[in-house]
Structures are given as C-alpha cells and as structure tokens.
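Structure at a glance
Listed here are the chains, written in short residue letters.
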Amino acid sequence: MLATEGLWFRYQDAPVLKGLTLDFSRQPVTGLVGANGCGKSTLFMNLNGLLRPQKGAVLWQGKPLDYSKRGLLALRQEVATVFQDPDQQIFYTDIDSDLAFSLRNLGVAADEIARRVDDALTLVDAQGFRHQPIQCLSHGQKKRVALAGALVMQTSYLLLDEPTAGLDPSGRTQMIAIIARIVAQGNHVVISSHDIDLMYEVCDTLYVLDRGEVLAEGTPQAVFSQKATMAQAGLTQPWLVKLHTEAGLPLCKSEAEFFARIRATQIKEAS
C-alpha cells in the first residue's frame, strides 16, 4: 500500500503540498493532473523518499516511511520512478549493462539478471534496438529503456512522470499499450501528466491538484465532466468528454470505443 496522510511540504517559507491524503492502492492506474506548479513533481519526490515532508507522512504498507538508508533501499525495490527526461536515468552506453547495473549492486544472480533484462526489454518493445548504442537511440526509444530499467526491479508500484512527453503519435500509442501490459502483470501505476487525453483513457482514478491541494477526485469520467472544476485547475477537458458535453455524443473511454459506437449507430440507422 502506497499512500499519504495529511502530507505537508514546503520549500523555505512557501508551502507546496498542503495536507494531502491520497491512496494509490485503490485502483491499478492512478492519475495526478494539474497546472504547472500545483505540486505534482514535489509529490512524486516525496513518494520515492527523495524529499521528506515537514508534517504528515508517506505511508508504505500502512506505516510511515522509514527514511533510514535501509528503509529507503527497501522502498525503492518496491516503488520505482521513471522521470520525464530519460537521460536522467541512463548512464551506460549499452542497454543491457544499464539495465543490469542496479541488480548487480543488489547481488542478484547473473542468470536472474539476464532473465529480468530480457523480460523487461520484451515488455517495452525494445528487443529490436537492444544492441544499438544508447547515444544512437531516439527520444522515444530512450524512454522505453528508462522504463525497462525500472521494470527489472520488479517493483509493485511504478511512478511515471510525463510518460508520453516528446513522443510522436505512434510512440504515444505504444506507450499506452506498454502501460496496459504493466498493469496486466498486477502492478500499480501512478501517472503525472499534462496529456489530458492520455489520463482520461488510461487512468482508473484521478486526483486533480490545485496549488498543493486536492480540488477533485474520482473516476476520469466523473472528474473531467466537471467543466468548471477543470477551468479552476487550469485544465481543459479531454476531447472525448467535450464531444459528450457539447454535442451530446456518447461518453466513451477511448477513441476506438467512440468510433466503434458511432459505426454501430450508423449501421443501425441504415438498416
């Protein structure tokens, strides 16, 4: 269980997070949305122990987080963060060595390391460029390598910061499929993103943050349907929700579902 309870965090005299009580274990995919400066990045750094709240707590397995070296090491074997910029997480020039680094430091056996690296690269569709030098990879390929680097740890929670930033439409679609595969393995994913359409499609539950506080929470359908709340948070509605609220069209979770329902209606009307 990963959660926060009355969490406050401030930089000098400026409070950034204000009494947040959040639960990231309720649903497989939890989303954090809000305008720049709302506290999403600071919250991520509290969740992985890089920052420590001045008041309240990050809860791991029902207990306040242990900030000792041993406690943080144990946490990071269960909660992994993938940052927006993959170059912050990739240190080697070849992919296999980069993914194996953390496992070697933990004393994992060589055959187990090889298995985990192979499985992670398969999960993120990276086998096709596995043997290319990292400096020759595209931004999207590097993002998948960084994601594989977290997956080799076999963590139960994965924190994704802007997973589709900088990706072309094909890469974005591929990232959505990868997230679905990760969840299908029984993992929890927490996503922070400005990609509103992504959050609507992939998240099971959402927290809307506004100046360090929770402005709204609930299912993507319920939260994004609150037009005034979205405006207050400095956000826009996903295009599928706009079609529903403005044109009275069916409220669908994905583009594929929307067009399937439109086609079914057209066939029914034509018959």
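Conventions and cut-offs
Residues numbered from 1 in each chain as written. Predicted model: local features only at pLDDT ≥ 70, side-chain atom pairs only at ≥ 80, totals over all residues. Heavy atoms only, no water. Pairing = 2+ DSSP bridges. Helix = DSSP H or I, 4+ residues; strand = E, 2+ residues; numbered from the N terminus. Contact = heavy atoms within 4.5 Å. Axes fitted to C-alpha atoms, helices over the stretch in contact; angles between N-to-C directions. Parallel < 35°, antiparallel > 145°, perpendicular 65-115°, else oblique. Left-handed = near helix turned anticlockwise from the far one by under 90°. Nonpolar A, V, L, I, M, F, W, Y, C, P; charged D, E, K, R; others polar. Core = buried A, V, L, I, M, F, W, Y, C linked by side-chain atoms within 4.5 Å. Buried < 20%, exposed > 50% of the residue type's maximum accessible area, 1.4 Å probe, protein only. Patch = residues over 30% accessible without salt bridge, like charges linked within 9 Å, V, L, I, M, F, W, Y side chains within 5 Å. Areas by Shrake-Rupley, 256 points an atom, 1.4 Å probe, with all protein chains shown as cover. Salt bridge = Lys/Arg side-chain N within 4 Å of Asp/Glu carboxyl O.

**Overview of the sheet that holds strand S5 (residues 63-64)**
Across the sheet, which stays open at both edges, the 4 strands sit in the order S2-S1-S4-S5 with antiparallel pairing between neighbours. Sheet topology places strand S2 (14-23) and S5 at the edges, where each strand pairs with a single neighbour. Taken together, the 5 bridges between strand S1 (residues 2-11) and strand S4 (residues 55-60) define a ladder with antiparallel strand orientation. Its bridge partner being in S4, tryptophan 8 is matched across the sheet by lysine 55. Seen against the sheet, helix H1 (residues 40-47) touches S1, S2 and S4 and runs at an angle of roughly 120° to S1.

**Considerations on the packing of helix H3 (residues 95-105) against helix H4 (residues 110-123)**
It is the contact of H3 with H4, at a shortest axis distance of 10 Å, that shows an interaxial angle of 125°. The pairing of H3 with H4 is recorded here as oblique in orientation. Where H3 crosses over H4, the two elements pack in a sense that is right-handed. For the pair H3 and H4, contact is made by Ile95, Asp96, Leu99, Ala100, Leu103 and Arg104 and by Ile113, Arg116, Val117 and Leu121, respectively. Here the contact of H3 with H4 is composed, by residue class, of 7 nonpolar, no polar and 3 charged.

**Describing the nonpolar core**
If you look at the biggest cluster of nonpolar residues, it comprises 55 residues, and the most contacted ones within it are Leu147 and Leu158. Ranked by residues supplied to this core, first place goes to helix H5 (residues 139-151) with 6 residues. Not counting residues up to four positions away in its chain, the partners in contact with leucine 147 are Val82, Val124, Leu158, Leu160, Met175, Ile178 and Ile182. With 25 residues, the next largest nonpolar core counts Val16, Leu43, Tyr157 and Val190 among its residues.

**Points about the sheet that holds strand S7 (residues 157-161)**
The strands making up a sheet associate through hydrogen bonds between their backbones, and the pairing can be parallel or antiparallel. In space, the 6 strands of this open sheet follow the order S6-S7-S8-S3-S9-S10, with mixed pairing throughout. A single partner strand is all that each edge strand has here, and the edge strands are strand S6 (79-82) and strand S10 (213-218). On average, each strand axis in the sheet is tilted by 20° relative to the strand beside it, whichever way the strands run. As paired elements, strand S3 (residues 29-33) and strand S9 (residues 205-210) share 4 bridges and run parallel to each other. Pairing of leucine 32 across the sheet is with tyrosine 207, part of S9.

**Remarks on a nonpolar patch on the surface**
A surface patch of nonpolar side chains, amounting to about 340 Å² of accessible area, comprises Phe91, Tyr92 and Phe101. If you trace the backbone, tyrosine 92 turns up in the loop between S6 and H3.

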